[in-house]
Amino acid sequence: MRGRQPVSRLWTRVSSPLITRVFGLESSCLIDVRQRRHYGAVQFSPDVPVSVDSKDGARSRQEVGATRTAPKGGGDISKERLEKEGVQGLSELDRRGAQASWKRYARLLQECANAKSLAEGRKVHDHMRSNQYKPDIYLSNMLISMYAKCGSIEEAYSVFQAMEYKDVISWNAMISGFALHGRGQEAIDHFYLMQRQGLKPNKNTFVSILSAIGSPIVLDLGEQIHSRIIKAGFEADVTVGTALINMYCKCGSVELARKVFNGMRERNVISWTAMISGYAQQGNSDEAFLLFRKLVRSGIQPNKISFASILGACTSPKDLEQGQEFHEYIKRAGLEQELIVGNALISMYARCGNLSNARQVFDNMQSRNRISWNAMIAGYGGGYMEEAFRLFKRMQQKGFQPDRFTYSSLLAICADRADLERGKELHSQIVRTGWLSDVTVATALISMYIKCGLLEEAREVFNKMPEKNVVSWNAFIAGCCRLGSEKEALKVYRQMRRADVSPDHVTFITLLNACSGPEALEEGRFVHDRIVKWGMLSNNNVANALISMYGRCGSLADAREVFYRIRTRDLGSWNAMIATYVQHGANEAAFELFRKFRRERGRGDKYTFISVLKAIANLGDLDAGRKVHALVEKNGLGEDIQILTTLIRMYSKCGSLADACSAFNKILERDAVCWNAMLAAYVQGGHCQDALKWFQLMQSEGVKPDIATYTCILNACAGLGALEHGKNIHTQLKEDGLEADIRISNALIEMYWQCGCLGSAILVFKKMPKRDLNSWNALIAGYSQNGQGSDALKYYELMLRAGFLPNKTTFTSVLSSYGQLGEVDDAFDFLESIKEEWDFEPSEEHYARMVDGLGRAGLVKEAEEFIEEISTESTASMWESLLGACRIHHNVELAETAAEHLLDAKAQASPAVCEQLLSVYTAAGRWEDVSVIKATMEESGIVVPKRCTIEVNGEFHTFTINDPNPELDSSQNMLDELVNEMMDKGFLLEMMDKGFLLEPQERGVLFSHCPEMLAVAYALNHTPPGAPVRCVSDTRVADLSHKMLKFVSRTCNRNIFVRDANCFHNFRPGHACSCGDYW
């Protein structure tokens, strides 16, 4: 019947159309008992109300007081033949005045049920009534069964209600009918009503009621029925045991199913197949493969359903070898030409990524049905759209009309490719062929429009659906979530409940996934409450989604509570909790949970290792990282691209670039993601020049950069102050149409201001079609860092007017700006507002900016008092700011106090602290202390890394003290000339550590320990007059260099931009340095 949705009865699953196409069944169950009855299995919806013996398939009457035998025949018959030879025969009897026998009625009803011909079944029933033939209990039971199988549960129930006397078989037929039509609650109600009327359930009753229990919501009820089965003594029956396995798998508890399976005294091929299918549907392929091999070793011959089930467990390219092994077994068993097996082989090869084998199976099939065509079309969904539509056309030419599964597959292909034009063409054909009223097709249309970003079109299809099931509601709810209408998703859920449609686990998982931040915590808790109400918490997929939701919404405590309340945790539970710990920065707890998991369960999957490697990366524990890497190799995951990419990130964060490179080199087919990880490793490790080289290599290998690539490489340009490279990449972004992307624009703003080009940064900012908080923060920080505090505060006010709320980054820039402007009182007011107005606890960095502001204003004593008043554990950065202020204001005593606090905080002297103290002592003329500091540094192996990099004509030149450089001589010569000119113009230079004037021949040597001066001198020699000079120094610019750079800027009429470890220095002819001589 075109307007009806096949009812999923044994395994509820969103992808039921695919399962149906694969196995050639009418519902999504893997072992439909309508198929099983041919193998002596459970009779779920009987052709006649009799039982089937599980050993030999012989039919046996169980009707109370009946002596008749079932009519022979009843095999499959076409509707045309049924009408010609069956129903017309009744009319012939009427013309002869003869009465049809009960046996003839029984045979016709059985044939109608087999042919699913409701119209012909009604004619047989009408013939009974017109001839005033009152059916006995046997024929009444057959009428119930016929109507149920032919899709009219209402007429089946009408027959049932009209029966004066009902036996166990009558109740069984009715319960089975309700279950067949997905009306589980009515089946359950009648199961209990039957017993209240004094009838004792038999094994077929239990089989029927178990088939009605198909959701985690009713798992507890399933366990109660199981207890009744044990009391009734039916647990040892293989048919009942198999039904229990199916029930537990439907309810999401494969562990309880396995417990039943292990306890069975006798197993047949159907029992084995049920358990294998359960594992396959739960996604546990490894257990399915293992159990199938045990089935083979047991001596029981797998049947075609067994093979179809195990092929269904091969779900990805990693399972291809297993699938090929099963294919060989199928050939040896002589089952390759069985339609159900051939269809399963096509789908298996398609899922495993071997379309050539799938097509070969398809082409070699001696006979095909519509399911075969559907399976092959669906297989082409992985990027072969044109071939899928060619096959679709050929299918129709061969006389096979598209059905719901054909259209669903093609719409899914259009959705994946976001091909709206083709999707709309299919929509028109669906309307013409009358399939729009079908719930499966309409749901596929909704999904197609959603994936094409058209929520209104999806809503129109949804609202016009004459019938909606839980899958269609889920599709529209998921669409609302996908397209940013999370609030509407909850409204749609409430509408769904008002329409009396029961949610399933997919409904709740979808709603939970829509809760993606702290602001959605209350909505998440509402969904949690509904989950508890519907009894879905026992479903591990739902519980795991709850853990993840609480993690995203910022409630680690709630996530932990859900995790520890899960009765039987699966791998997904552990993975979700470990990932949540990492997300919340609880990296040690994540690593400890991983160790506990290893003790309790042993092996993890790639997602387990990805999360724990992230935790190790955050901890910076290289030794632990290498140990986990060894476990990865041991578990056979060492070649997985996602694992290797995570290893690259872990090793780079742990400081081992060599190990990161080693992991990268193991990747055979590199995509943009792994290249991005390697580029980020170089940038984070300070090897920005190497990052630029690898960026060129990436493109030469044909890998197209994506947003993340460009963001990373722009950061590399920012790190180097490489304006020319940055501009070239900006041009490339314009050509690729990526400039308007908000992430790219933010990275461009950052790159330009890091290179001292605020004008270009503001141009990018103003051209942005849309801005986020990061955009404003980047620009405000740029103005603040470049010494333009007033402009920074102006854009802060504009940001607030635009409706953006500040964060810790904003606060840091604003406090810096107030400090630069000397507005100490305003800075204090703003610091207070961070707590009072913005409800944010200031960080150590914020307090350090406050100390810096006090220091700039010369209030060093007040700065010391401020630090001592702060009740925070870490004050190192504050004392470091105070030490810098003491150097500027020549306060030796307070500088020594600050240095002592820094030594206490850091446990050892750092190069930066030593250098600051040297400057303080030198300025105060305490040469003995200078000598002591230098000797101590030499003795302790403390080296101040003095290096400066400059970009000239697109090439990088690095100047390092005491490092041979062929360009050093020309730079030194230029320096000599500049120093002489400076001296000749009357500028007095004092040697920092001697305190006397230099002789002319000694003047150039003065700057041989200042790499920034060597870099600037090189640029003056190799760039045209008037061209700006930009360089980046690893250490603070020396006091003497700062004076010299001012002179060079004025004398040579050059803008000179020097970015050191502490500050930005923008020297313009005739102007003060942008740092205000405070750095």
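Keep in mind the model is a prediction, meaning the values are calculated, not measured.

Cut-off values and rules
- Residues numbered from 1 in each chain as written.
- Predicted model: local features only at pLDDT ≥ 70, side-chain atom pairs only at ≥ 80, totals over all residues.
- Heavy atoms only, no water.
- Helix = DSSP H or I, 4+ residues; strand = E, 2+ residues; numbered from the N terminus.
- Buried < 20%, exposed > 50% of the residue type's maximum accessible area, 1.4 Å probe, protein only.
- Contact = heavy atoms within 4.5 Å.
- Areas by Shrake-Rupley, 256 points an atom, 1.4 Å probe, with all protein chains shown as cover.
- Pairing = 2+ DSSP bridges.
- Disulfide = S-S within 2.5 Å.
- Expected span 1.5 Å × (residues − 1).
- Polar contact = N/O pair within 3.5 Å; in protein donor to acceptor, adjacent residues only side chain to side chain.
- Axes fitted to C-alpha atoms, helices over the stretch in contact; angles between N-to-C directions.
- Parallel < 35°, antiparallel > 145°, perpendicular 65-115°, else oblique.
- Left-handed = near helix turned anticlockwise from the far one by under 90°.
- Nonpolar A, V, L, I, M, F, W, Y, C, P; charged D, E, K, R; others polar.
- Phe/Tyr/Trp six-rings, centres within 6.5 Å; stacked < 30°, edge-to-face > 60°.
- pLDDT = per-residue confidence, 0-100.
- Patch = residues over 30% accessible without salt bridge, like charges linked within 9 Å, V, L, I, M, F, W, Y side chains within 5 Å.
- Salt bridge = Lys/Arg side-chain N within 4 Å of Asp/Glu carboxyl O.
- Lys, Arg positive; Asp, Glu negative; His and termini not counted.
- Charge placed at Lys NZ, Arg CZ, Asp CG, Glu CD.

A word on the overall build of the protein chain
Regarding its fold elements, the protein chain presents 56 helices and seven strands. The proportion of buried residues among the 1079 residues of the protein chain is 55%. Restricting to contacts in the protein chain with at least 6 residues of sequence separation, those with at least 24 account for 63%. Counting only carbon and sulfur atoms, one obtains 47% of the accessible surface of the protein chain, whose full area is about 47100 Å².

With respect to the pairing of strand 4 (residues 955-960)
Bridging between strand 3 (residues 947-952) and strand 4 involves six bridges; their strand directions are antiparallel. The residue of strand 4 that forms the bridge with Arg947 is Thr960. Remark: two residues form the turn of the hairpin made by strand 3 and strand 4, two consecutive strands paired antiparallel; Asn953 in that turn has positive phi of roughly 55°.

Points about the state of the cysteines
Per the counting criterion, the structure on display carries zero disulfides. Among the cysteines around Cys352, which has no disulfide bond, Cys314 carries the closest sulfur, lying 5.3 Å off. Just so you know, Cys1031 is unpaired, no disulfide at all, and the nearest cysteine sulfur is the one on Cys948, 3.7 Å from it. Owing to a relative accessible area of 1%, Cys1031 belongs among the buried residues under this scheme.

A closer look at helix 22 (residues 404-417)
An ideal rise of 1.5 Å per residue puts 20 Å on 14 residues; helix 22 measures up with 20 Å between its terminal C-alpha atoms. Burial within helix 22 is extensive, with eleven of its 14 residues counted as buried. The complete set of buried residues in helix 22 reads Arg404, Phe405, Thr406, Tyr407, Ser408, Ser409, Leu410, Leu411, Ile413, Cys414 and Ala415. If you check the start of helix 22, you find a side-chain oxygen 3.0 Å away from the backbone N of Phe405, and it comes from Asp403. Looking at the residues trailing helix 22, positive phi occurs at Ala418, about 50°.

Some points on helix 52 (residues 911-923)
Here helix 52 is 13 residues long and its end C-alpha atoms lie 18 Å apart, about the 18 Å a rise of 1.5 Å per residue gives. The buried count for helix 52 comes to ten of 13 residues, which makes it a mostly enclosed element. For helix 52, the full list of buried residues reads Val913, Cys914, Glu915, Gln916, Leu917, Leu918, Ser919, Val920, Tyr921 and Thr922. Taken from the residues just after helix 52, Gly925 is the one with a positive phi, measuring 70°.

Side note on the packing of helix 27 (residues 486-498) against helix 28 (residues 505-514)
Two packed helices can be described by the angle between their axes and the distance between those axes. Between helix 27 and helix 28, whose axes approach to 10 Å, the crossing angle comes to 155°. One way to sum up the angle between helix 27 and helix 28 is to call them roughly antiparallel. Our pair here, helix 27 against helix 28, has a crossing hand that is left-handed. Note on element contacts: helix 28 touches helix 27 through Thr507, Phe508, Leu511 and Ala514, opposite Glu486, Ala489, Leu490, Tyr493 and Met496.

A look at the packing of helix 18 (residues 339-351) against helix 20 (residues 370-379)
Packing of helix 18 against helix 20 brings their axes to within 9 Å, and their N-to-C directions diverge by 5°. Here helix 18 lies roughly parallel to helix 20, going by the angle between them. Touching Leu339, Asn343, Ile346, Ser347 and Ala350 of helix 18 are Ile371, Ser372, Ala375, Met376 and Gly379, all from helix 20. Of the residues assigned to the contact of helix 18 with helix 20, the class counts are six nonpolar, four polar and no charged.

Digging into the packing of aromatic side chains
Here the structure, examined in full by the defined rule, presents 45 aromatic pairs. Centre to centre, the rings of Trp102 and Tyr138 are 5.4 Å apart; their planes meet at 90°, and the pair counts as edge-to-face. Residue Trp102 is found in helix 4 (residues 102-115), and its partner Tyr138 is found in helix 6 (residues 137-149); the two are separated by 36 residues along the sequence. Look at Trp102 and you get buried, because its relative accessible area is 16%. Classification of Tyr138 by relative accessible area gives buried; the value is 2%. Arranged with centres 6.0 Å apart and planes meeting at 20°, the rings of Tyr157 and Phe160 form a pair that is stacked. Here Tyr157 pairs with Phe160, and both are found in helix 7 (residues 153-162), just three residues apart, close to one helical turn. On the accessibility criterion, Tyr157 (26% relative accessible area) is partly exposed.

A closer look at the confidence of the model for the protein chain
Predicted coordinates in regions of low pLDDT should not be interpreted in detail. Counting all residues, the mean pLDDT for the protein chain is 86, and 88% of those residues have values of 70 or more. Every residue in residues 1-76 scores below 50 in pLDDT, and together they form 208 contacts with partners more than four places removed in sequence or on other chains. Across residues 990-998, where pLDDT falls below 50, the model places 17 contacts with residues more than four positions away in sequence or in other chains.

What about the sheet that holds strand 5 (residues 1029-1033)?
Note: strands within a sheet are paired through backbone hydrogen bonds, in either parallel or antiparallel orientation. The strand order across the open sheet built from five strands is 4-3-5-6-7, with neighbouring strands paired in mixed fashion. Each end of this open sheet is capped by a strand with a single partner; those strands are strand 4 and strand 7 (1064-1067). The mean angle between the axes of side-by-side strands here comes to 20°, regardless of whether they run parallel or antiparallel. Sheet topology note: the strand 3/strand 5 ladder contains three bridges and is antiparallel.

Considerations on a negative patch on the surface
Taken together, Glu823, Asp825, Asp826, Asp829, Glu832 and Glu836 make up a surface patch of like negative charges. By secondary structure assignment, the location of Glu823 is in the loop between helix 46 (808-820) and helix 47 (824-836). Exposure remark for Glu823: the relative accessible area of 31% places this residue in the partly exposed category.

A word on the environment of Leu815
Its place among the elements puts Leu815 in helix 46. With relative accessibility at 1%, the residue Leu815 sits in the buried group. C-alpha separation for the pair Leu815 and Ser784, spaced 31 residues apart in sequence, amounts to 9.3 Å. Apart from the residues lying within four places of it in its own chain, the contact partners of Leu815 are Ala827, Phe830, Leu831, Ile834, His846, Arg849 and Met850.

So, the side chain of Asn354
When you line up the elements, Asn354 lands in the loop between helix 18 and helix 19 (355-364). Asn354 gets classed as buried once you look at its relative accessible area, which sits at 15%. Of the polar contacts made by the side chain of Asn354, one reaches the side chain of Ser356; its length is 2.8 Å. Polar contacts involving the side chain of Asn354 include one to the main-chain amide nitrogen of Asn357, which spans 3.0 Å.

Some details on the side chain of Thr242
In this fold, Thr242 is placed in helix 12 (residues 238-250). When neighbours within four sequence positions are excluded, Thr242 is seen to be in contact with Met264, Asn268, Ile270, Ser271 and Ala274.

Topic: the pattern of salt bridges
Opposite charge on two side chains lets them pair, provided their charged atoms get close. A complete count under the given rule lists 45 salt bridges for this structure. Here Lys123 makes a salt bridge to Glu120, at a shortest N to O gap of 3.4 Å. Taken together, the residues Lys123 and Glu120, both in helix 5 (residues 118-130) and three residues apart, mark about one turn of the helix. For Lys123, a relative accessible area of 36% corresponds to the partly exposed category. Note on Glu120: relative accessible area 6%, which makes it buried. Of the charged contacts in the structure, one is a salt bridge between Glu325 and Arg293, with a shortest N-O distance of 3.6 Å. In this pair, Glu325 sits in helix 17 (residues 320-333) while Arg293 sits in helix 15 (residues 285-297), placing the two residues 32 residues apart along the sequence. Overlapping salt bridges bring together Arg359, Asp363, Glu387 and Arg390 as one network.

Concerning unusual backbone geometry
Unusually for a residue other than glycine, Ala418 sits at a positive phi of about 50°. Within the secondary structure layout, Ala418 lies in the loop between helix 22 and helix 23 (420-432). With a relative accessible area of 43%, Ala418 lands in the partly exposed category. One non-glycine residue, Asp839, adopts positive backbone phi at about 55°. Examined against the element boundaries, Asp839 turns out to sit in the loop between helix 47 and helix 48 (844-856).

Concerning the environment of Tyr349
Topologically, Tyr349 is positioned in helix 18. When the C-alpha positions of Tyr349 and Cys314 are compared, they lie 8.5 Å apart, and in sequence the two are 35 residues distant. When sequence neighbours within four positions are dropped, the list of residues in contact with Tyr349 reads Leu320, Gln324, His327, Asn354, Leu355, Asn357, Ala358 and Val361.

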